[in-house]
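Examination of the molecular architecture
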Amino acid sequence: AQRVTQPEKLLSVFKGAPVELKCNYSYSGSPELFWYVQYSRQRLQLLLRHISRESIKGFTADLNKGETSFHLKKPFAQEEDSAMYYCALSGNSGNTPLVFGKGTRLSVIA
Amino acid sequence: GAVVSQHPSWVICKSGTSVKIECRSLDFQATTMFWYRQFPKQSLMLMATSNEGSKATYEQGVEKDKFLINHASLTLSTLTVTSAHPEDSSFYICSATVFGEQFFGPGTRLTVL
């Protein structure tokens, strides 16, 4: 069964502290993994995807197939990073729906 | 990036009435769109896959006669909540895929009194 697990509902960190948002998945095959972010009163938007291996807004995520994890990291949190973060996966056939984790609310404290 | 719009952005209706929500791809064509539902402080749950020119594919537990989906053109999918009840109150979000990336609409908040 396809499943995405985000164990933390809420994560509070101080500004300038490192951030790690955890994501584990289960999928039979080779999924595509994504992180989506939803800022207050805005639509869901893509933050990064594992196949592009980019760093967006200072965030990175490495796919660890052995641990079936795709944790999101940032070395120094900023106040504007406060948002809801969703880890998601899809099959790699291109036009498949996303399976979302429950989300983690990141609160960066000044 | 590609833009997906939804209309209306919010709607309040009486129990027993039907509500139609539109999802449009503004600058691209989408043969497939997805409809999600999000309860307060919860994650998005896929309701159905909307396929242009054919029947939608519904997820297990989603009543197809309750949530009617029509994808009549390459830029428009509609979700009609029929005989709405208070338990249908939720945030409905659509998305469309372009080059393997899903773009989401802003969502429609439905409140059934």
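Here the structure is shown first, and the text comes after it.
Moving on, we get to the interface of chain B and chain A. Listed per partner, the contact involves 19 residues of chain B and 16 residues of chain A. With both sides pooled, the region where chain B packs onto chain A buries about 1400 Å², and carbon together with sulfur makes up 51% of that total. Sorting the residues of chain B by area buried against chain A places Ser43(B), Leu44(B) and Phe104(B) first, and these three jointly supply 31% of that buried surface. Our count for the contact surface shared by chain B and chain A stands at zero salt bridges. On inspection of chain B and its partner chain A, the count reaches six residue pairs in polar contact (both at pLDDT 80 or more). For the side of chain B that touches chain A, the secondary structure elements donating two or more residues are β4 (32–38), β5 (44–51) and β10 (101–104) of chain B. Of the residues that constitute the side of chain B that touches chain A, the class distribution is eight nonpolar, ten polar and one charged.

This brings us to the pairing of β4(B). Residues and elements named next belong to chain B. Of all seven residues in β4, seven are buried, a share of seventy percent or more. As defined by bridge partners, β4 adjoins β5 across seven bridges and the pair is classed as antiparallel. Its bridge partner being in β5, Trp-35 is matched across the sheet by Ala-48. In textbook terms, the turn of a hairpin is the stretch between consecutive antiparallel strands, and for β4 and β5 this stretch comprises five residues, one of which, Lys-41, has a positive phi near 60 degrees. As judged from the six bridges shared by β4 and strand β9 (residues 90–98), these two strands associate in the antiparallel manner. If you follow Gln-38 over to β9, its bridge partner there is Phe-91.

Of note, the bond from His7(B) into Pro8(B) is cis; its omega dihedral lies within 30 degrees of zero at 0 degrees. On the secondary structure map, Pro8(B) appears in the loop between β1 (4–7) and β2 (10–13). In the Ramachandran plot, Arg41(A) falls in the positive-phi region, its phi being about 65 degrees despite a non-glycine side chain. With respect to the helices, strands and loops of the structure, Arg41(A) is situated in the loop between β5 (32–38) and β6 (45–49). For Thr68(A), which is not glycine, the phi dihedral falls at a positive 45 degrees. In this structure, Thr68(A) sits in the loop between β7 (60–61) and β8 (72–74). Look at Thr68(A) and you get partly exposed, because its relative accessible area is 30%.

Definitions and cut-offs
- Here the residue numbers are simple positions, counted from 1 along each chain's written sequence.
- All chains are assigned letters beginning with A, and all ligands numbers beginning with 1, in the order in which they are written.
- Where totals are concerned, whole chains, interfaces and linings use all residues; where local detail is concerned, this predicted model gives features only for residues with pLDDT of at least 70, and gives and counts side-chain atom pairs only at 80 or more.
- Side-chain measures here rest on the full set of heavy atoms in the structure, leaving out hydrogens and waters.
- Note on definitions: a residue-residue contact is assigned when non-hydrogen atoms from the two residues lie within 4.5 Å.
- Put simply, buried area is how much 1.4 Å-probe accessible surface two parts lose in total, over both of them, once they are put together.
- Each reported salt bridge corresponds to a side-chain nitrogen of Lys or Arg within 4 Å of a carboxyl oxygen of Asp or Glu.
- We define a polar contact as two N or O atoms separated by no more than 3.5 Å, with the added condition that, inside protein, one atom must be a possible hydrogen donor and the other a possible acceptor, whereas residues neighbouring each other in sequence contribute only through side-chain atom pairs.
- We count a stretch as a helix when DSSP gives it H or I for four or more residues in a row; a strand needs E for two or more, and each element gets its number in order from the N terminus.
- Side-chain classes follow a simple rule in which Ala, Val, Leu, Ile, Met, Phe, Trp, Tyr, Cys and Pro form the nonpolar group, Asp, Glu, Lys and Arg form the charged group, and the remainder, Gly included, forms the polar group.
- Using a 1.4 Å probe on the protein chains alone, a residue whose accessible area is under 20% of its type maximum counts as buried, one over 50% counts as exposed, and one in between counts as partly exposed.
- When DSSP locates at least two bridges between a pair of strands, those strands are taken to pair.

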